[in-house]
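# Topology and contacts: notes
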Amino acid sequence: MPWIRESDCTGCQLCIKTCPVEGVITMRNGKAYIDNSLCIRCGKCFDVCPKDAIRPNSENPLLRGRGMGQGLGMGHGRNRGY
Ligand code: SF4
Ligand code: SF4
C-alpha cells in the first residue's frame, strides 16, 4: 500500500483526481493523506505524482520498524528453541 512522503508533497491534488476510489486520498494540512483501509493498491497515484511523493511500502520507515519488530519476535522463537 502506498504512503505519502509529506516533505515532498506539494498538495497539488493530482493523486486525488487520479485515484479511482473516492475518498481514499484526502488533504490533511495541505498534504495528501491515504486511507489505507480503502486503498485498492492499484498504483495509479504512484505514476501521477509529479514529486514522487507517493512511495511504495518498502520505503515506509514505519513499516520497516514493524518488520524489525517481527524479526526480533522470530529471534525470540529461535532462542526458545535452544
Ligand atoms: S493505489 Fe490506487 S486506490 Fe490506492 S491511493 Fe493510489 S490511486 Fe488510490
Ligand atoms: S500528486 Fe503527489 S504532490 Fe500532488 S498532492 Fe498527491 S502526493 Fe502530493
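Whatever comes next refers back to the structure up there.
First, a word on what this report is: a plain description of the structure on this page. (Residues numbered from 1 in each chain as written. Chains lettered and ligands numbered in written order. Predicted model: local features only at pLDDT ≥ 70, side-chain atom pairs only at ≥ 80, totals over all residues.)

Taken together, 14 residues are adjacent to ligand 1, and C19, C39, C42, K44 and C45 come closest. The class makeup of the residues in the shell around ligand 1 is 10 nonpolar, two polar and two charged. (Near = placed C-beta within 6 Å. Nonpolar A, V, L, I, M, F, W, Y, C, P; charged D, E, K, R; others polar.)

Bringing the site of ligand 2 into the picture now. With respect to spatial proximity, 14 residues lie near ligand 2, and among them C9, C12, L14, C15 and C49 are the closest. When the residues that make up the shell around ligand 2 are grouped by side-chain class, the tally is 10 nonpolar, three polar and one charged.

Of all hydrophobic cores here, the largest spans 11 residues; its members are I4, C9, C15, C19, V24, I25, A32, C45, C49, A53 and I54. With sequence-adjacent residues up to four places away left out, I54 is seen in contact with P2, I4, C15, C45, F46 and C49. (Core = buried A, V, L, I, M, F, W, Y, C linked by C-beta atoms within 7 Å. Buried ≥ 20, exposed ≤ 12 C-beta atoms within 10 Å, placed from the backbone. Contact = placed C-beta atoms within 7 Å.)

This brings us to the environment of I25. Considering the arrangement of structural elements, one finds I25 in strand β2 (residues 25-28). If we ignore the near neighbours within four places in the chain, the residues touching I25 are C15, I16, C19, A32, Y33, I34 and C45. (Helix = DSSP H or I, 4+ residues; strand = E, 2+ residues; numbered from the N terminus.)

Judged from the four bridges that link them, β2 and strand β3 (residues 31-34) form a sheet pairing that is antiparallel. Looking at β3, one finds that I25 is bridged to I34. The antiparallel hairpin formed by β2 and β3 contains two residues in its connecting segment, where N29 sits at a positive phi of about 55 degrees. (Pairing = 2+ DSSP bridges.)

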